[in-house]
Amino acid sequence: MDNRKVFIIGRPRTATASMMKALKILGLKTVKEFDRDTKNIAEDVIDASKKVSAFGSSLTYTLEDIRKIEAEYTDAVFILTEREADVWYSSFIRNHSAESTESDPRTEELEYKNKGNWVNQYYKDYNEKVKAHFKGREWKLFNVVYGGQNDNWGNVCSFLKKPIPNKPRPHENMSRK
């Protein structure tokens, strides 16, 4: 991997923390913690990314945010982390069950936590829009399904042009199905 920036653009609860830990093992300088209350996601991510090679946080990106990041970092690559929608929704609800929209404004999805079908569709739509955005430019997007066939060092390292480390692939914040 050269000096290209790497951005993890999966939704919260899609193994973004695991991917960040993996990138750190691969030698990328990373930043994970970020002010989730930001109103200007793209601008704040661009600013925070100036001193690191990889950025990932549980932010609710829009396609417009991704376009702005791409415009600033034209050589950047993106990692879309996913989980099976029903498994993701269960994890999302468990993680946020004690929180309310008033106490945790970091994601608009919280407003809809009791509207399972709508939230699942929102999640699926985002993932499909991201994939469509990168269609024809697949070299810029690595789509990894947490626990799926491509969730391994070989595929991650091939995408990033890094040697496979002699360490297990990290899996942080694992939750029940």
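Definitions and cut-offs
Residues numbered from 1 in each chain as written. Predicted model: local features only at pLDDT ≥ 70, side-chain atom pairs only at ≥ 80, totals over all residues. Heavy atoms only, no water. Helix = DSSP H or I, 4+ residues; strand = E, 2+ residues; numbered from the N terminus. Buried < 20%, exposed > 50% of the residue type's maximum accessible area, 1.4 Å probe, protein only. Areas by Shrake-Rupley, 256 points an atom, 1.4 Å probe, with all protein chains shown as cover. Pairing = 2+ DSSP bridges. Arc of directions from axis to C-beta. Contact = heavy atoms within 4.5 Å. Polar contact = N/O pair within 3.5 Å; in protein donor to acceptor, adjacent residues only side chain to side chain.

Caption draft 1: Here's a closer look at the overall build of the chain. Looking only at helices and strands, the chain features six helices and five strands. The N-to-C order of helical and strand elements in the chain reads β-α-β-α-β-α-β-α-α-β-α. In the chain, which comprises 177 residues, the share counted as buried stands at 50%. For the chain, the exposed surface amounts to about 9,300 Å²; the carbon and sulfur share of it is 47%.

Caption draft 2: Inspection of the sheet that holds strand β1 (residues 6-8) at higher detail. Read from one edge to the other, the open sheet built from five strands follows the order β2-β3-β1-β4-β5, with strand pairing classed as parallel. Each edge of the open sheet carries a strand with a single partner, namely β2 (30-31) and β5 (141-145). For β1 and strand β3 (residues 54-56), the ladder comprises three bridges, and the chain directions are parallel. The residue of β3 that forms the bridge with Ile-8 is Gly-56.

Caption draft 3: Representation of helix α6 (residues 153-160). By the burial criterion, the buried members of α6 are Trp-153, Val-156, Cys-157, Phe-159 and Leu-160. All buried residues of α6 fall inside an arc of 160 degrees around its axis, so they share one side. Buried residues in α6 make contact with β1, α1 (16-25), β4 (77-82) and β5. N-cap assignment for α6: the residue whose side-chain oxygen lies 3.0 Å from the backbone N of Gly-154 is Asn-152. Lys-161 occupies a position one or two residues after α6 and carries a positive phi of about 60 degrees.

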